[in-house]
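Here are the chains, one letter per residue:
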Amino acid sequence: MENIIVFAPHPDDDIIGCGGSIARQLQQGNKVSIVYLTSGDAGSLKHIKRRMVQIREEEARKAAALLGVSELFFFRNPDGYLEFKRDNLVKIITLIREKRPIAVYIPHSKDRVRDHRVTHELVLEACHRAAGPWFQECEGQPWSVGNIFGYEVWAPLQEPAYVEDISEFMEVKLDALRLHRSQLEEIRYDEAIMGLNRYRGIMTGEGDYCECFELLRANISIKRGVL
């Protein structure tokens, strides 16, 4: 069993970008942890921020549980104001050294949403620092993450480097995404991602539905569907 960490700027980004891959990792016997950098408190005008945190974290728990993920971390940075700062780096580095993941998933580098790009930068830097014998304020022994995948949310990748066939997991991915009811009230992300994953499947020829990724690090051999 290997450890996998998915870093999501907001609850639902994990399901949108790599929900099928999460399900496949679990099927293969790996353990998946999900880290939410913010709790999505800016995700609606219907509720005050404190209530939105409660709603979105509960939606995240239900969606993750449907996939089979039980270990979630909520960093509770302010939604829309995520910062590349010391506290966030220390927490991510410490978590990487503790969990010693073979792979991490983050938003890809060209995503259009600022919180997504900051998440990308934070985790890439944390992976670099976690591998070295520095930064004694971070607990644990050095650990080098073998694979870093950049997933799609708000901006499709122009040149995907890795394709995962998620055909057998597409239904559960959509079911999990639809548990984020507060977000689907305004924008039908479920229909959008179903269309994107179908497009990826057809155009890559890898399956009926596929998730595509930017491959930011590959230190070990990768086979389709197997780390």
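You'll find the structure just up there.
Below is a short write-up of the structure. (Residues numbered from 1 in each chain as written. Predicted model: local features only at pLDDT ≥ 70, side-chain atom pairs only at ≥ 80, totals over all residues. Heavy atoms only, no water.)

### Observations concerning the packing of helix H2 (residues 49-67) against helix H5 (residues 170-177)
Here is step 1: The N-to-C vectors of H2 and H5 enclose an angle of 165 degrees; their axes lie 8 Å apart at closest approach. Put simply, H2 runs roughly antiparallel to H5. Remark: the crossing between H2 and H5 carries right-handed chirality. Residues Ala-63, Leu-66 and Leu-67 of H2 lie in contact with H5, whose contacting residues are Val-172, Asp-175 and Ala-176. (Axes fitted to C-alpha atoms, helices over the stretch in contact; angles between N-to-C directions. Helix = DSSP H or I, 4+ residues; strand = E, 2+ residues; numbered from the N terminus. Parallel < 35°, antiparallel > 145°, perpendicular 65-115°, else oblique. Left-handed = near helix turned anticlockwise from the far one by under 90°. Contact = heavy atoms within 4.5 Å.)

### Re the side chain of Thr-119
Here is step 1: Note that Thr-119 resides in helix H4 (residues 114-130).
Here is step 2: A polar side-chain atom of Thr-119 sits 2.8 Å from the main-chain carbonyl oxygen of Asp-115. (Polar contact = N/O pair within 3.5 Å; in protein donor to acceptor, adjacent residues only side chain to side chain.)

### Re the sheet that holds strand E1 (residues 3-8)
Here is step 1: The 7 strands are arranged E3-E2-E1-E4-E5-E7-E6 in an open sheet whose pairing can be described as mixed. Of all the strands in the sheet, just strand E3 (71-77) and strand E6 (162-165) have a single pairing partner and so form its edges. Neighbour-to-neighbour, the strand axes of the sheet open up by a mean angle of 25 degrees, direction not taken into account.
Here is step 2: Pairing geometry for E1 and strand E2 (residues 31-38), over 6 bridges, is parallel. Residue pairing across strands places Val-6 opposite Ile-34, the latter belonging to E2. (Pairing = 2+ DSSP bridges.)

### Focus: the packing of H5 against helix H7 (residues 189-204)
Here is step 1: Look at H5 against H7: their axes get within 10 Å of each other, and the N-to-C directions meet at 155 degrees. Classified by the interaxial angle, the pair formed by H5 and H7 is roughly antiparallel. Classified by chirality, the crossing of H7 by H5 is right-handed. Between H5 and H7, the contacting residues are Met-170, Lys-173, Leu-174 and Leu-177 on the first element and Tyr-189, Asp-190, Ile-193, Met-194 and Asn-197 on the second.
Here is step 2: Per-class residue counts for the contact of H5 with H7 are 6 nonpolar, 1 polar and 2 charged. (Nonpolar A, V, L, I, M, F, W, Y, C, P; charged D, E, K, R; others polar.)

### Observations concerning the environment of Val-145
Here is step 1: Mapping Val-145 onto the fold places it in the loop between H4 and strand E5 (147-151).
Here is step 2: Overall, Val-145 belongs to the buried group, its relative accessible area being 0%.
Here is step 3: Residues Val-145 and Tyr-209 lie 64 residues apart in sequence; the distance between their C-alpha atoms is 27 Å.
Here is step 4: Other than its neighbours up to four places away in sequence, Val-145 contacts Ile-96, Pro-101, Ile-102, Ala-103, Val-104, Cys-127, Arg-217 and Asn-219. (Buried < 20%, exposed > 50% of the residue type's maximum accessible area, 1.4 Å probe, protein only.)

### As for unusual backbone geometry
Here is step 1: Of note, Asp-12 is a non-glycine position whose phi angle comes to about 105 degrees, a positive value.
Here is step 2: Residues other than glycine seldom take positive phi values, yet Phe-135 does so here, at roughly 55 degrees.
Here is step 3: Along the chain, the position of Phe-135 falls in the loop between H4 and E5.

### Considering H5
Here is step 1: Listing the buried residues of H5 in full gives Met-170, Lys-173, Leu-174, Ala-176 and Leu-177. Each buried residue of H5 sits inside an arc of 160 degrees when the element is viewed along its axis, so together they form one side.
Here is step 2: On the buried face of H5, the contacting elements are helix H1 (13-27), H2, helix H6 (181-184), H7 and strand E7 (210-218). (Arc of directions from axis to C-beta.)

### A few points about the pattern of salt bridges
Where charged atoms from two side chains of opposite charge approach closely, those side chains can pair.
Here is step 1: In the structure shown here, the tally under the stated rule is 18 salt bridges.
Here is step 2: Across the pair Arg-76 and Glu-57 runs a salt bridge whose closest N-O atoms are separated by 2.8 Å. Note that Arg-76 is positioned in strand E3 and Glu-57 in helix H2, a separation of 19 residues in sequence.
Here is step 3: The salt bridge partner of Arg-129 is Glu-125, with a shortest N-O separation of 2.8 Å. Here Arg-129 and its partner Glu-125 are both found in helix H4, 4 residues apart, which amounts to about one turn of the helix.
Here is step 4: Accessibility expressed as a relative area gives 25% for Glu-125, which makes it partly exposed.
Here is step 5: Salt bridges here are not isolated pairs; linked through shared partners, they connect Lys-31, Glu-71, Glu-98 and Lys-99. (Salt bridge = Lys/Arg side-chain N within 4 Å of Asp/Glu carboxyl O.)

Function-wise, these values are silent; they only describe arrangement.
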